[in-house]
Every structure is written in C-alpha cells, then in structure tokens.
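Listed below are the residues making up each chain.
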Amino acid sequence: MGEQTATPLSALIAEKSIRLSQSATDKFDAIKQVGAALLDTGAIEASYIDAMIEREKSVSTFVGEGVAIPHGTLAGKDSVKKDALVVLGFPDGIDWDGNEVRVCVGIAARGNGHIALLSQLATVLLDPDRAAALRAATTAAEVYELLEPDEEEV
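Residues numbered from 1 in each chain as written. Predicted model: local features only at pLDDT ≥ 70, side-chain atom pairs only at ≥ 80, totals over all residues. Heavy atoms only, no water.

1. So, the overall build of the protein chain
Stage number 1. For the protein chain, the helix and strand inventory stands at 5 helices and 5 strands.
Stage number 2. Reading the protein chain from its N terminus to its C terminus gives the helix and strand order β-α-α-β-β-β-β-α-α-α.
Stage number 3. Relative to the compact-globule value of 15 Å for 154 residues, the protein chain shows a C-alpha radius of gyration of 14 Å, a close match.
Stage number 4. A principal-axis box enclosing the C-alpha atoms of the protein chain has dimensions of 45 × 35 × 25 Å. (Helix = DSSP H or I, 4+ residues; strand = E, 2+ residues; numbered from the N terminus. Rg over C-alpha atoms; globule rule 2.2 N^0.38 Å.)

Here is the structure:
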C-alpha cells in the first residue's frame with residue numbers, strides 16, 4: 001500500500017529519557033515524573049502533563065505485564081511539539097488500581113501518531129519475555145535493544 005515505514009520506537013527515545021531507578025508515591029506521582037521526562041526532551045508543553053492526568057482519571061493506562069503507558073487526552077495533542085517516548089522504571093513497583101506497575105512508557109505524539117506508537121509498543125509489551133526483560137532492565141542499552149523490532153516484525 002506504499003505506507004511509510006513506522007519510525008522505530010528506539011529512535012523516539014533520548015538516552016536521558018530512560019530513567020530506570022525512579023520511585024513514586026502513587027500512579028499520579030509516576031505520571032507527573034513521566035510528564036517531566038517528556039518535558040525535559042522538549043517534546044511537550046507543561047499543559048500536556050495535565051492531559052495525561054485527565055486521561056488516567058477517565059481510563060487506566062495499565063496494559064498488563066507490570067507496564068503502564070501514560071499519554072494525554074486528544075485535547076492535549078495541541079501541547080505536543082514532537083513525537084517522543086520516555087521509559088521510567090520503578091523497581092519497587094507502584095499500585096496502579098490494584099495492579100503492580102514497574103515500568104511506565106510515556107507517549108507524546110502529534111496527530112494520530114499515538115495510535116501507531118501504542119500498537120508498536122503492544123507487540124513488545126504483550127510478549128511476556130520481553131515485558132519481563134523490560135521490567136528487569138538496568139541500562140539504557142537494554143531498553144533500546146528491547147524496543148528494536150524483531151526481524152519478523154519489520
């Protein structure tokens with residue numbers, strides 16, 4: 001169909017956007033930290049963090065396998081400057097509506113870009129082995145490697 005190849009997830013993550021030894025008091029504290037990491041990359045305006053919190057209040061971004069994918073509401077898209085991902089690890093876990101979350105992957109995307117990013121992330125995160133490896137990752141290099149598409153996914 002001549003559609004352009006999706007940007008690899010790893011290409012949207014700055015090394016400083018991988019923070020694997022965070023701790024949070026609750027899911028909203030974690031979301032604020034995810035938002036701060038996106039803000040640090042210049043991907044968003046601060047108002048996007050509020051949109052991420054609004055999204056979480058209406059729909060949980062917990063996706064299973066110890067992972068949550070905080071992202072903003074549609075209304076928050078106007079405060080996205082460029083597509084970006086951040087990966088924050090919470091080794092002690094966070095109670096996310098009765099589920100334990102150890103990894104938050106924050107998404108900022110313009111247009112409908114977040115849908116493509118979510119589907120790409122799902123292929124990684126719904127693989128229990130890859131999700132377990134992501135939860136256990138201690139270096140940025142490990143995170144990059146896990147987010148590279150497998151040959152058969154390309």
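Still to come is the rest of the account.
2. Some points on the sheet that holds strand β4 (residues 84-96)
Stage number 1. Strand order in the open sheet made by the 5 strands is β1-β4-β5-β3-β2, with mixed pairing throughout. Single-partner strands in this sheet number two, and they are β1 (18-19) and β2 (62-64).
Stage number 2. As paired elements, β4 and strand β5 (residues 99-108) share 9 bridges and run antiparallel to each other. Residue Asp 95 lies in a different strand from β5, and its bridge partner there is Glu 100. (Pairing = 2+ DSSP bridges.)

3. A word on unusual backbone geometry
Stage number 1. Despite not being glycine, Glu 65 shows a phi value in the positive range, around 55 degrees.
Stage number 2. With respect to the helices, strands and loops of the structure, Glu 65 is situated in the loop between β2 and β3 (67-68).
Stage number 3. Residue class for Glu 65 comes out partly exposed when judged on its relative accessible area of 31%. (Buried < 20%, exposed > 50% of the residue type's maximum accessible area, 1.4 Å probe, protein only.)

4. Notes on the nonpolar core
Stage number 1. Counting residues in hydrophobic clusters, the biggest one holds 23 residues, and the most contacted among them are Leu 85, Val 87, Leu 121, Val 143 and Leu 147.
Stage number 2. Those elements giving two or more residues to this core turn out to be β4, β5, α3 (113-125) and α5 (140-147).
Stage number 3. Setting aside chain neighbours within four positions, we find Val 143 in contact with Ile 18, Leu 20, Val 87, Leu 134 and Ala 137. (Core = buried A, V, L, I, M, F, W, Y, C linked by side-chain atoms within 4.5 Å. Contact = heavy atoms within 4.5 Å.)

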